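Analysis of the macromolecular model
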Amino acid sequence: NHVSTFKKMSNIALKAGQTTIEKALQLYYAAHHPDTPAWARRVIYGALAYLVLPVDAIPDFLPALGFTDDLAVITSALTAIAAYITPEIKAKSTAKVEQWFNKS
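The structure contained in this document is the topic of the report that follows. Chains are numbered independently. Their residues run from 1 in the order of the written sequence. Per-residue local features of the predicted model are confined to residues with pLDDT of at least 70, and side-chain atom pairs are confined, for both listing and counting, to 80 or more; whole-chain, interface and lining totals are unaffected and use all residues. To get the side-chain values, all heavy atoms of the structure are used, and hydrogens and water are removed first.

1. Comments concerning the nonpolar core
Generally speaking, a soluble globular protein has its nonpolar side chains buried in company with each other. Ranked by size, the top nonpolar core spans 22 residues in total, and within it L27, I44, L48, I74 and I81 carry the most contacts. What counts as a helix is a DSSP run of H or I of at least four residues, what counts as a strand is a run of E of at least two, and both are numbered from the N terminus. Breaking this core down by element, the ones donating at least two residues are α2 (18–31), α3 (38–52), α4 (68–80) and α5 (87–101). Top element by residues in this core is α2. It accounts for eight residues. To form a nonpolar core, buried Ala, Val, Leu, Ile, Met, Phe, Trp, Tyr and Cys residues must be joined to one another through side-chain atoms within 4.5 Å. When accessible area is computed with a 1.4 Å probe and restricted to protein chains, residues below 20% of their type maximum are described as buried, those above 50% as exposed, and intermediate ones as partly exposed.

Structural data, given as structure tokens:
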């Protein structure tokens, strides 16, 4: 479910860090873009599932290391689908990260 994936990403945003979350949001928005092909959506959903599911190669609760595997998976997926990350997707991702991380 798209809504639950987005909600789970927002719940872990502060723990995962800005870099991981901004890249994950780029994937999320690319998955919802009409020009993104089905194969790329499968790559995206696999990477986002790895981020939000509790079972990881490196447990997320470990300080400093917990999200390194998640970042590697997200970065690999972004590399695979880079042609579908538009300037608009980058802008939406940046705006959402600023909203989540720059709260007063």
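2. What to know about α5
Helix span, as expected, comes to 1.5 Å for every residue beyond the first. Over its 15 residues, α5 runs 21 Å from end to end, which matches the ideal 21 Å to within 8%, given 1.5 Å per residue. For α5, the full list of buried residues reads I89, S93, K96, V97, W100 and F101. Buried residues in α5, looked at end-on, bunch into an arc of 115°, giving them a common side. Exposed and oriented more than 90 degrees from the buried face of α5 are P87 and E88. Relevant arc is that of directions from the helix axis to the C-beta atoms, nothing else.

3. A word on α3
Over its 15 residues, α3 runs 21 Å from end to end, which matches the ideal 21 Å to within 8%, given 1.5 Å per residue. Taken together, the buried positions of α3 are A40, I44, A47, L48, L51 and V52. Angularly, the buried residues of α3 cover 130° about the axis, an arc narrow enough to put them on a single face.

4. A short note on the packing of α3 against α4
Here an axis means a line fitted to C-alpha atoms, over the contact stretch when the element is a helix, while the angle between two N-to-C directions is reported on a 0 to 180 degree scale. Running from N to C, α3 and α4 cross one another at 170°; their axes reach a closest spacing of 9 Å. By the angle class used here, α3 and α4 are roughly antiparallel. Packed against α3, whose contacting residues are W39, V43, A47, L48, Y50 and L51, the element α4 presents D69, D70, V73, I74, A77 and A80 at the interface. For this scheme, ten residues count as nonpolar: Ala, Val, Leu, Ile, Met, Phe, Trp, Tyr, Cys and Pro. Four count as charged, namely Asp, Glu, Lys and Arg, and the remainder, Gly too, count as polar. Of the residues that constitute the contact of α3 with α4, the class distribution is 10 nonpolar, no polar and two charged. Oblique is the label for any angle not covered by the other classes, which are roughly parallel (under 35 degrees), roughly antiparallel (over 145) and roughly perpendicular (65 to 115). Whether two residues are in contact is decided by their heavy atoms, any of which lying within 4.5 Å being enough.

5. Some details on the environment of H33
Mapped onto the secondary structure, H33 falls in the loop between α2 and α3. Among the residues examined, H33 registers a relative accessible area of 24% and is labelled partly exposed. C-alpha of H33 to C-alpha of T86: the two residues are 53 residues apart in sequence and 9.5 Å apart in space. In this structure, H33 is in contact with R41 and I89, ignoring residues within four places of it in sequence.

Interpretation in functional terms is not warranted from these geometric data alone.
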